[in-house]
Amino acid sequence: MTSHPTPLQVLLAAPRGFCAGVDRAIEIVELALRQYGPPVYVRHAIVHNTHVVADLEAKGAVFVEDEDDVPEGGLIVFSAHGVAPQVRRNAEQRALRPIDATCPLVTKVHLEARDYARLGYSIVLIGHAGHQEVIGTTGEAPEAIMLVESVEDVSALDLPDPERIAYITQTTLSVDEAAGIVDALKARYPNARGPRGEDICYATTNRQAATKELAARAEVVLVVGSAHSSNSQRMVEVALAAGADAAHLIEDAGAVDEAWLDGVRTVGLTSGASAPESLVTGVIWYLRDRPGGAQVTTVDVLEEHMSFALPAGLRRLPVQSAR
């Protein structure tokens, strides 16, 4: 009698994938291309996903790392990660036509930085050096902001007035790691003021909560997302910290290593806030096509109903999205 391989159990996280800020940013570029025609220049990757960037490039978007790379008078879209005020001034001086795709939750952090700087506070920014969001936020008050990446960095702080300290955070951090840094900061500076409401965005928080649920029930967790996506990287870290035997960040189905699945019966599958759902579907079909196939069960952790308005000049245009 021939035995058949046992189907792989795949637990599919909900929520996962695009957040409202990413959805809005991509739609802004698509609408700009429809209204103005190519080329539409985008400063930095509109969101941190190589598939999204390649799709928009095929439609006529041109990605640049500096506003000086845009021809004078050209149309420029600022990415979802936000930009420093100096970038806006440079764009204005070159007569560029800006469209702002900054996530509103990043804008919230920028406004907090400005407010605290205006009040004379030393501002501790919890985040990752070199990330576009951190660069943009720091640019709001460069003389007042000190970047902290770890609990160890807190102990090295030397701030002029311990009574006038505030902290803000990058929106895509590990919730638990950021909480540990905030605890260390408050232990050293008890009167440190925090943001009005959490700076870590709802989507980051929700996807990490769903990832923890997968880690508790699956041996291996696969996170679909690009290597330069901060929120996707944090989800891998969260899965490992929550007890998964292994967790891997994959760009798409082609990045799955069969060795990861050897002897594994249950796999958790999720995706970062900048990863298209089509990539998750591709991974599911890959797992179903393996010997024994796969049975997919959705793990509903919570529902999301967030959306953000488009810039006024683009709101009247319908868009046919392939997402």
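A brief report on the enclosed structure follows. What you see is a predicted model, and the numbers here were worked out from it, not measured in a lab. (Residues numbered from 1 in each chain as written. Predicted model: local features only at pLDDT ≥ 70, side-chain atom pairs only at ≥ 80, totals over all residues. Heavy atoms only, no water.)

As a further point, take the side chain of Ser271. Assignment of secondary structure puts Ser271 in strand S11 (residues 266–271). A polar contact is formed between the side chain of Ser271 and the backbone nitrogen of Gly17, at a distance of 2.9 Å. Discounting chain neighbours no more than four positions away, the residues touching Ser271 are Arg16, Gly17, Arg207, Val224, Met235 and Val280. (Helix = DSSP H or I, 4+ residues; strand = E, 2+ residues; numbered from the N terminus. Polar contact = N/O pair within 3.5 Å; in protein donor to acceptor, adjacent residues only side chain to side chain. Contact = heavy atoms within 4.5 Å.)

Taken in spatial order, the 5 strands make up an open sheet running S10-S9-S11-S1-S12, and their pairing is parallel. A single partner strand is all that each edge strand has here, and the edge strands are strand S10 (246–250) and strand S12 (294–300). Adjacent strand axes in the sheet meet at a mean angle of 25 degrees when their direction is disregarded. Where strand S9 (residues 220–224) and S10 come together, 5 bridges link them in parallel fashion. Bridging across to S10, Val223 finds its partner in Leu249. (Pairing = 2+ DSSP bridges. Axes fitted to C-alpha atoms, helices over the stretch in contact; angles between N-to-C directions.)

Hydrogen bonds along the backbone pair up the strands of a sheet, which may run parallel or antiparallel. Strands sit in the order S7-S6-S8 across an open sheet of 3 strands; the sheet is parallel. The sheet is open, and its two borders are formed by strand S7 (145–148) and strand S8 (165–169), each paired with just one other strand. Along the sheet, successive strands turn relative to each other by an average axial angle of 25 degrees, direction set aside. Judged from the 4 bridges that link them, strand S6 (residues 122–126) and S7 form a sheet pairing that is parallel. Bridge pairing in S7 links Ile123 to Ile145. Taken strand by strand, helix H4 (residues 104–118) contacts S6, S7 and S8, and its axis lies near 170 degrees from that of S8.

What follows deals with the pattern of salt bridges. On inspection of all chains with the given rule, the structure shows 16 salt bridges. Across the pair Glu30 and Lys59 runs a salt bridge, and its minimum N-O distance is 3.0 Å. Linking Glu30 in helix H1 (residues 20–36) with Lys59 in helix H2 (residues 50–59), this pair joins segments that are 29 residues apart in sequence. Assessed through its relative accessible area of 6%, Glu30 is described here as buried. (Salt bridge = Lys/Arg side-chain N within 4 Å of Asp/Glu carboxyl O. Buried < 20%, exposed > 50% of the residue type's maximum accessible area, 1.4 Å probe, protein only.)

Attention shifts here to the nonpolar core. Ranked by internal contacts, the top residues of the largest apolar core, which has 35 residues, are Val29, Ile46, Val47, Leu56 and Val77. Among the secondary structure elements, those contributing two or more residues to this core are H1, strand S2 (40–43), H2, strand S3 (61–64), strand S4 (75–78) and helix H8 (202–217). Top element by residues in this core is H1. It accounts for 9 residues. For Leu56, the residues in contact, after removing those within four places along its chain, are Ile26, Val29, Glu30, Leu33, Ile46, Ala61 and Phe63. (Core = buried A, V, L, I, M, F, W, Y, C linked by side-chain atoms within 4.5 Å.)

With the exception of glycine, most residues fall at negative phi, and the peptide bonds are largely trans. For the bond from Ala14 to Pro15, the omega torsion is 10 degrees, close enough to zero to count as cis. You can see Pro15 is positioned in the loop between strand S1 (8–14) and H1. Following Pro38, the chain continues to Pro39 via a peptide bond in cis, the omega torsion being 0 degrees. Position of Pro39 relative to the elements: it lies in the loop between H1 and S2. One non-glycine residue, His44, lies in positive phi territory at about 70 degrees. In this fold, His44 is placed in the loop between S2 and H2. Phi at Ala95 is positive, roughly 60 degrees, even though this residue is not glycine. Of note, Ala95 is situated in the loop between helix H3 (85–93) and strand S5 (97–100). Since its relative accessible area comes to 41%, Ala95 is described here as partly exposed.

Geometric descriptors of this kind do not, in isolation, establish any biological role.
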